Amino acid sequence: MAEEFCRAVDDGIKLSRRIYFGKDRAVAPPKPPTMTERSSNALLPKAPMVYAVIYDPGMVDNPDIASYQPYVYGRCDPPALIPLQMNAVEMEIDCYLDTAFITVSGTWRLHCVTGSRSCDCRLAIPVGHQGSILGVEVNAPRKSYSTQLVVMDENQSATPAQNGGYLKSNIFTLIIPEIDGGSNLSIKMHWSQKVECSNGEYSLNVPFTFPDFVNPTGKRMSKREKIRLNVDVVAGSELLFKTTNHPLKEVRRHAGSMGFLCDNEVLSWSKDDFSVSYVVSSSHINGGVLLESASAHDFDQREIFYIYLSPGDIQNKNKKVFKKDIIFIIDISGSMQGKLMDDTKNALLDAVERASEWISTNFVAGGSTDISHPLNTAIEMLSSAQSSVPIIFLVTDGTVEDERQICAQVKNHMINGESICPRIYTFGIGLFCNHYFLRMLANIGRGQYDAALDVDLIEPRMLTLFEKASSLILANIKMDMLNEIDQVEVYPSNIPDLSLEGPLVLSGRYKGNFPETLKVNGIMADFSNFEIDLKIQRDKGLPVQRISARDQIEHLTAQAWLSDNKQLEQKQVAKLSLQTGFISEYTSMIMLENDHLKKTKESPGAKEVSKKKHSKANDQGQKTILLPLLGIGFGNLTATTQNTPPGYEPKPEMPEIFKAASNCCDMVCGYCCCMCCIQCFSKMNNQCLTVLNQLCIGLGCLACFECCSLCCGGDDN
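Residues numbered from 1 in each chain as written. Predicted model: local features only at pLDDT ≥ 70, side-chain atom pairs only at ≥ 80, totals over all residues. Heavy atoms only, no water.

Under the annotation held in an unreviewed UniProt entry, the chain carries the name VWFA domain-containing protein and is attributed to Vicia faba.

Here is the structure:
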């Protein structure tokens, strides 16, 4: 899908050369991308962008300056995508502990379609690390649109909705129907992403790189770029701002909180992603507890808590990490061949150089997926580990039938195991594996889970997981006082170990009174006991439920899958999803359309669009447009059994009539390459091209006699 998208954008950029901008040389068309920029996946959006969806190339023209354009025969199938020019952009970022919420507002103009025509527009939003799309609002001259979450209908999975979805795991797209040429689109987008932590430093990277061809064309076009950044950690902590690649000005500073602003006139839109880094200074392990009361409209009236434990300053040389006994369990089934296996090898070779010869010799993709036997063997091998933390890494791109049984076996071993049971770190590749099984397995094994839904993310994400496991400083963490609180639920239910590579975060619900302090116990790397009292803070301005919502939804979904609990799916996961705006497996996104001009009667053209877009009108006169399901699902056993590689999309079989027609084209054009034709045609004048066109039509008719005979069943008529 990504390659097809890039080809459509490339076609759209070429097609946009038809647009006439007048005789004034100061008003020149945007500079087209270079050949390097047009390489595979290079034209994927690296910032929020809007594209005109062009089926009929004849509509492409300047809506302000009518110009003579030669008639274009045929249609673009698949449609070309012309990037729209952006007239304004504003971004606001709120960082709370390990989560950032981003809002981008922008204005785009449909500058490439004549004023008498209309077309769909495609919005593309790239989100950062572990991003979740939260909502989109669109305002056009005649209509407005807004997204909304609803509980998923039982039959909705069979609805062929095509109004958006994920182009890649980090690029969300949405179709905005029927926009008039020359119109301005005002769009506001909301999403969240995780703030990454490495070597004691927090860093955030937001996609904000705009290509040259979205800069507006015109004299003295004002381009103002506005960015607001708010960073809130914990009251009383010392927040040290380190680096940024945009000119930010400090406008607010309090204990544990800072605010910045960038508001400048620019010659062109941002050429770099927005990045920022900061440090929460502390020389020792520290943490705290945030409490928040449930809102009046909350389906669960229990109180909300959020517990964080930070490793402190990594430069402290007194901090020792645990010794480790490690076993890697790698899926080497047939679907792991090629790039998947190569990237997995590279990640392992970087982590364990001494095992390089063994890995290269023994890792050969083939056969089926088996998790239970190697996992049980690994646990038995590490059950007698002493003076170290035993760790098992499980890497797979598939699902198996006995996943619930595997979880039960591992849970039984952890209950009856040694003082430090083997930790299980899981890593899922693609969408064919059951990520909720892997998450639950990591939870039972007091490890951590990560994934690469796109193949090109395997190596960096896997290395990040290895780094977390290799820098453990506190194990067997206990918070016994939580057991004394009424109706308490903690996510994750089994507390993982604390690593130098980022904070440990727990969240949940409770009823009654929370203690004044929370005592935390654990074992240090030298096997000495550790104890700390965490201070309780209530209603400090941080949106506790919003920060913890995504993690809670994913943990609850894993629990619902393991127990096959339909009540848990609907009463907790779905309701929490609707309440917080985070997508779940049991909710789906719809788009509501409001027509500002049409109140009661719908035109025939609009009805045709409604059928095409699988939409329907509600009682308030709003049109509801269904969007594809946005969850990652629970794996694909059939694809795993057939060793289907992640991301594989089978191509439909070509009918015989088209195969014959293709053979005819090969007979006529098989002796020259496309690039030669393009170079030759570009040097011909219009008269010569017309004659050549007529000649090709005549030859095509003669060459396709065999096709006509096949189509007519050999009938002479």
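Let's pick the thread back up.
(A) Region of interest: the nonpolar core. Formed by 112 residues in total, the largest nonpolar core has its most connected members in Ile54, Ile93, Ile187 and Phe274. When sequence neighbours within four positions are dropped, the list of residues in contact with Phe274 reads Met91, Ile93, Leu204, Asn205, Val206, Phe208, Ile227, Leu229, Thr244, Asn245, His246 and Leu248. Of all hydrophobic cores here, the second largest spans 26 residues; its members include Leu291, Phe305, Leu504 and Ile532. (Core = buried A, V, L, I, M, F, W, Y, C linked by side-chain atoms within 4.5 Å. Buried < 20%, exposed > 50% of the residue type's maximum accessible area, 1.4 Å probe, protein only. Contact = heavy atoms within 4.5 Å.)

(B) Highlighting the pattern of salt bridges. This structure, assessed with the given rule, holds 27 salt bridges. Where Lys14 meets Asp10, a salt bridge forms, and the shortest distance between an N and an O atom there is 3.8 Å. Taken together, the residues span about one helical turn, with Lys14 and Asp10 both in helix H1 (residues 2–15) at a distance of four residues. With relative accessibility at 41%, the residue Lys14 sits in the partly exposed group. A salt bridge links Arg224 to Asp263; its shortest N-O distance comes to 2.8 Å. In this pair, Arg224 is assigned in strand S13 (residues 224–232) and Asp263 in strand S16 (residues 257–265), connecting sequence segments 39 residues apart. On the basis of relative accessibility, which here comes to 31%, the residue Asp263 falls in the partly exposed class. In this structure, a network of salt bridges that share partners links the residues Asp98, Lys194 and Asp551. (Salt bridge = Lys/Arg side-chain N within 4 Å of Asp/Glu carboxyl O. Helix = DSSP H or I, 4+ residues; strand = E, 2+ residues; numbered from the N terminus.)

(C) Structural context of the sheet that holds strand S2 (residues 80–83). One open sheet accounts for five strands, arranged S2-S1-S5-S9-S8; its pairing is antiparallel. A single partner strand is all that each edge strand has here, and the edge strands are S2 and strand S8 (164–168). Across the sheet, the mean angle separating the axes of adjacent strands is 35° when strand polarity is ignored. In this sheet, S2 lies alongside strand S1 (residues 49–54) in antiparallel orientation, the contact comprising four bridges. Across the sheet, residue Val53 finds its bridge partner in S2, namely Leu81. (Pairing = 2+ DSSP bridges. Axes fitted to C-alpha atoms, helices over the stretch in contact; angles between N-to-C directions.)

(D) Region of interest: the sheet that holds strand S21 (residues 389–396). Spatially, four strands are ordered S20-S21-S22-S23 in an open sheet, and the strand pairing comes out parallel. Whereas interior strands pair on both sides, the edge strands pair on one side only; in this sheet they are strand S20 (324–330) and strand S23 (449–452). Neighbouring strand axes in the sheet, compared pairwise and without regard to direction, differ in orientation by 15° on average. Where S20 and S21 come together, seven bridges link them in parallel fashion. When the sheet's bridge partners are listed, Ile329 is paired in S21 with Leu394.

(E) Fine view of the packing of helix H8 (residues 544–563) against helix H9 (residues 566–580). Direction vectors running N to C along H8 and H9 enclose 155°, while the axes themselves pass 10 Å from each other. Relative to H9, H8 is oriented roughly antiparallel. Like other packed secondary-structure pairs, H8 and H9 cross with a definite hand, here left-handed. Contact with H8, carried on its side by Gln545, Ala549, Gln552, Ile553, Leu556, Thr557, Gln559 and Ala560, involves Leu568, Glu569, Gln572, Val573, Leu576, Ser577, Gln579 and Thr580 of H9 and no other residues of that element. The residue inventory of the contact of H8 with H9, partitioned by class, reads seven nonpolar, eight polar and one charged. (Parallel < 35°, antiparallel > 145°, perpendicular 65-115°, else oblique. Left-handed = near helix turned anticlockwise from the far one by under 90°. Nonpolar A, V, L, I, M, F, W, Y, C, P; charged D, E, K, R; others polar.)

(F) Local environment of H9. Between its first and last C-alpha, H9 extends 20 Å over 15 residues, near the 21 Å set by a 1.5 Å rise per residue. Buried residues belonging to H9 abut strand S7 (143–151), H8 and strand S30 (587–595). Immediately downstream of H9, the backbone of Gly581 shows phi near 90°, a positive value. (Expected span 1.5 Å × (residues − 1).)

(G) Quick peek at the packing of helix H6 (residues 435–444) against H8. Taken N-terminus to C-terminus, the directions of H6 and H8 make an angle of 100°; their axes are 9 Å apart at the nearest point. Taken together, the axes of H6 and H8 lie roughly perpendicular to each other. Contact residues: H6 offers Tyr436, Phe437, Arg439 and Met440, while H8 offers Glu554, His555, Thr557, Ala558, Gln559, Trp561 and Leu562.

(H) Local environment of the side chain of Ser270. Mapped onto the secondary structure, Ser270 falls in the loop between S16 and strand S17 (274–281). By relative accessible area, Ser270 is classed as buried at 5%. Looking at Ser270, its side chain comes within polar contact range of the main-chain oxygen of Phe208, at 2.9 Å. When neighbours within four sequence positions are excluded, Ser270 is seen to be in contact with Phe208, Thr209, Phe210, Glu225 and His246. (Polar contact = N/O pair within 3.5 Å; in protein donor to acceptor, adjacent residues only side chain to side chain.)

(I) Quick peek at the environment of Pro503. Here Pro503 lies in the loop between strand S26 (498–499) and strand S27 (504–511). When the C-alpha positions of Pro503 and Ser310 are compared, they lie 4.4 Å apart, and in sequence the two are 193 residues distant. Dropping the residues within four chain positions of it, Pro503 is found in contact with Cys197, Tyr202, Leu309, Ser310, Pro311 and Leu498.

(J) The confidence of the model for the chain, seen in detail. Summary statistics for the chain give a mean pLDDT of 81 and a share of 78% for residues scoring 70 or more. Scored below 50 in pLDDT, residues 603–614 makes 19 contacts in the model with residues more than four places away or belonging to other chains. Counting contacts from residues 652–679, a segment whose pLDDT is below 50, to residues more than four positions away or on other chains yields 16 contacts. (pLDDT = per-residue confidence, 0-100.)

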